[in-house]
Amino acid sequence: MKKFLSVCVLCSMLLVGCGGKASGSETSEFVVGGSTSIQPLMEQIAESYNKSKSGKITVQGGGSSVGTKGAMDGTFSVGMASRALKEEEEKSLEGTVIALDGIVIIVNKDNPITNITLEQAKQIYTGKITNWKDIGGKDQEIAVVSREEGSGTRDGFESIVGFESSQLIANADIQNATGAVISNVSGNKQAIGYISMGSMSNNIKGLTIDGVEASEATILDETYKLQRPFMLCVKKGDESAKALFDFIFSDEGKQIIQEHKYIPVEREG
Amino acid sequence: MKSIEYKNRLDSVFKKIVFFFTFVSVIALAAILIFTLLKALPLFKEVDIISFITSDVWSPSNGQYGILAFIVASVLTTLAAVLIGIPIGLYTAIFISEIAPKKISNFVLFCIEILAAIPSVVYGFFGLTMVVPLIQKIFHLRSGSTLLTASIILALMILPTVVSLSTSALKSVPKAIEEGSLALGASKIQTIFKAKIPYAKSGILTSFLLGLGRALGETMAVILVAGNSNMMPILNPLYEAFLNGGRTLTGNIVMELAYASGTHEAALFATGVVLFIFVSLINVVILVVKKRGVTS
């Protein structure tokens, strides 16, 4: 009987454990939302910030445009955008660049190509160039690898290179993780893909863009074109996020940015 | 001493506990179904259900949600996987249950069971690093990530289901059937194909259908090798569909769920509902097949 009882108690304990409350309360007063590229970084910043400064920041995704719109209409206290602000957004928002990210166009190591222009990249990704020989490579069809809709890297790549999501060549392989893009390109001599600079590995070859190699230096001096700013934007005159910005530009904040393999920047002004 | 009354009470308590635990799975099913339906509902404020299923344009950033391409890709890969997997699986089952000596059949069965225990991501990674380059080389393709590659991997993955269920169906054929057939002068192979397989057909058919369900629902392995492009498979000529990439229903959900929000997210849940309908249909067919097997 004792055994039976203890089994019962154990089972009920397990059940209680499973049915635990859904995590997190939604009643936080400070919401940071927007770009899904910045989201993982921001989540960690928020976690450290909440711990050390006893703040109550929650982070949401949605995309850069959701971020700027949310900051304008007050849904978010701070909006995240992984692109420069548009003119009409700048009228009501104040953007602060907290970090920079480079996107690298990658090919297989056996591919003789070493350089590409943004225009060529655009034509390849929109299906106007379909053979490597057209940009000086072997006579082989190009296998285009892209990221899934909603991915911040895809959004960043498409907006810098300059085409719409719907223009992407229809037979492009789609992968939903950087690792999958890398293994796809490293296993296919005809493939081309793009990844965030921090994820570069030795299995693949990064192309220079207009002759400039992606590095911290070339991104900071803006000679490397395929880069994007990570912006946090607040309504003009809104000072409520000052403590958060102080934290991000502190040594601790910069360290988190570096851990995520992005490039920290100095505070402007 | 424990009284009879005490024993009866213990019995009824235990019955309740068993009943409760049984109900957990039923409740789980209901919860999943309701949750998926509720999450899918917001989509149909913006897109009508017919165009969701019959349009092949999937472009969430432009507010276009059509999953016909994914339905076609799912059906094609699943059918092809079953077509490849059935002969291999059925003949393996015949070998194990009828032909092989006990030691060898035990060994083969053991191998098949290991095959069932391999996580699907390992199948996918194997496919990505071994089968994808091979397919690319054989057919001189731009990329080896094709629906054919996915079908081959899926065929491997449904083998354990087909083999183990077909084997037990063949083994449960009464001895009298076999002896009768042999006594009438049929050879061993004739006996297997003309007497035992017809007798065990509902069990074997069930194994095929369960394999079908497994192939339809498989996700991780498929997204690693299928290419996941959201274009409509080329149906004329049909082989073009298999030599190009494509995205299955499950693949679509996993592919985009991470960053989706609003209508886009609802569309992914609606994809799940469509998948659920397909799986339910397969299960209904299984029930019918089983029932017929019992009555005949």
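Residues numbered from 1 in each chain as written. Chains lettered and ligands numbered in written order. Predicted model: local features only at pLDDT ≥ 70, side-chain atom pairs only at ≥ 80, totals over all residues.

K.L.:
Where do I start with the overall build of chain A in this structure?
P.N.:
Within chain A, the secondary structure is distributed over ten helices and twelve strands. Counting all 269 residues of chain A, 43% fall into the buried class. Considering only intrachain contacts with a sequence separation of at least 6, the fraction spanning at least 24 residues in chain A is 72%. (Helix = DSSP H or I, 4+ residues; strand = E, 2+ residues; numbered from the N terminus. Buried ≥ 20, exposed ≤ 12 C-beta atoms within 10 Å, placed from the backbone. Contact = placed C-beta atoms within 7 Å.)

K.L.:
Quick question: what am I supposed to make of the overall build of chain B here?
P.N.:
When helices and strands are counted, chain B shows 13 helices and two strands. For chain B, the C-alpha atoms occupy an extent of roughly 65 × 65 × 35 Å along the three principal directions. Buried positions account for 39% of the 296 residues belonging to chain B. In chain B, of all internal contacts separated by at least 6 residues, the share reaching a separation of at least 24 is 73%.

K.L.:
Just checking my understanding: could you explain the confidence of the model for chain A for this structure?
P.N.:
Residue and element names in this part refer to chain A. Here chain A averages 86 in pLDDT, while 89% of its residues score no lower than 70. Mean pLDDT in chain A bottoms out at helix α1 (residues 2-18), which sits at 47, and peaks at helix α5 (residues 118-125), which reaches 96. Confidence drops under a pLDDT of 50 for residues 7-28, and excluding neighbours within four residues, the segment shows three contacts in the predicted structure. (pLDDT = per-residue confidence, 0-100.)

K.L.:
Help me understand the nonpolar core in this model?
P.N.:
As a rule of thumb, nonpolar side chains are buried together in soluble globular proteins. Residues Ile 105 of chain A together with Ile 153, Leu 154, Ile 158 and Val 225 of chain B are the most contacted members of the largest nonpolar core, which totals 134 residues. For this core, the element with the highest residue contribution is helix α6 (residues 147-171) of chain B, accounting for 16 residues. Beyond its immediate stretch of four places on either side in the chain, Ile 158 of chain B contacts Ala 81, Val 82, Gly 85, Gly 211, Arg 214 and Ala 215 of chain B. (Core = buried A, V, L, I, M, F, W, Y, C linked by C-beta atoms within 7 Å.)

K.L.:
How should the environment of Ser 52 of chain A be read in this particular structure?
P.N.:
Summarising the element assignment, Ser 52 of chain A is placed in helix α2 (residues 39-52). Distance from Ser 52 of chain A to Phe 247 of chain A, taken between C-alpha atoms, is 9.8 Å for residues 195 residues apart in sequence.

K.L.:
Help me out: how do you make sense of the packing of helix α4 (residues 102-117) of chain B against α6 of chain B in this one?
P.N.:
Residues and elements named next belong to chain B. Packing of α4 against α6 leaves a shortest axis separation of 8 Å and a crossing angle of 140°. Judged by the angle between their axes, α4 and α6 are oblique. In this structure, α4 meets α6 at a crossing whose hand is left-handed. Contacts between α4 and α6 pair Ile 112, Glu 113, Leu 115 and Ala 116 from the former with Leu 159, Pro 160, Val 163 and Ser 164 from the latter. Partitioning the contact of α4 with α6 into residue classes produces six nonpolar, one polar and one charged. (Axes fitted to C-alpha atoms, helices over the stretch in contact; angles between N-to-C directions. Parallel < 35°, antiparallel > 145°, perpendicular 65-115°, else oblique. Left-handed = near helix turned anticlockwise from the far one by under 90°. Nonpolar A, V, L, I, M, F, W, Y, C, P; charged D, E, K, R; others polar.)

K.L.:
Explain the interface of chain A and chain B here, please?
P.N.:
In many reports, interface size means the accessible area that the parts give up when they come together. Contacts between the two partners involve 24 residues from chain A and, on the opposite side, 28 residues from chain B. Among the elements that make up the side of chain A that touches chain B, the one with the highest residue count is strand β7 (residues 173-175) of chain A (three residues). For the side of chain A that touches chain B, the per-class residue count stands at six nonpolar, 14 polar and four charged.

K.L.:
Help me out: how do you make sense of the domain arrangement of chain B in this one?
P.N.:
All names here are of chain B. Taken domain by domain, chain B consists of domain 1 (4-40) and domain 2 (45-295). One C-alpha centre belongs to domain 1, the other to domain 2; they are set 32 Å apart. When grouped by side-chain class, the residues that make up the side of domain 1 that touches domain 2 number two nonpolar, one polar and one charged. (Domains from an automatic or database assignment.)

K.L.:
I tried to follow the environment of Phe 278 of chain B on my own but got confused; where do I start?
P.N.:
Checked against the element boundaries, Phe 278 of chain B lands in helix α13 (residues 262-295). A C-alpha to C-alpha distance of 8.7 Å links Phe 278 of chain B and Gly 213 of chain B, two positions 65 residues apart in sequence.

K.L.:
Explain the pairing of strand β3 (residues 78-81) of chain A to me, please; I cannot follow it from the model alone.
P.N.:
Taken residue by residue, a regular strand's side chains alternate between the two faces of the sheet. Residue and element names in this part refer to chain A. Burial of β3 is two-sided: the residues Val 78 and Met 80 facing one way and the residues Gly 79 and Ala 81 facing the other way are all buried. Bridging between strand β1 (residues 30-34) and β3 involves three bridges; their strand directions are parallel. Residue pairing across strands places Val 32 opposite Val 78, the latter belonging to β3. Of the pairings in the sheet, the one linking β3 to strand β11 (residues 227-235) comprises three bridges and is antiparallel in character. In the sheet register, Ala 81 faces β11, and the bridge partner there is Met 231. (Pairing = 2+ DSSP bridges.)

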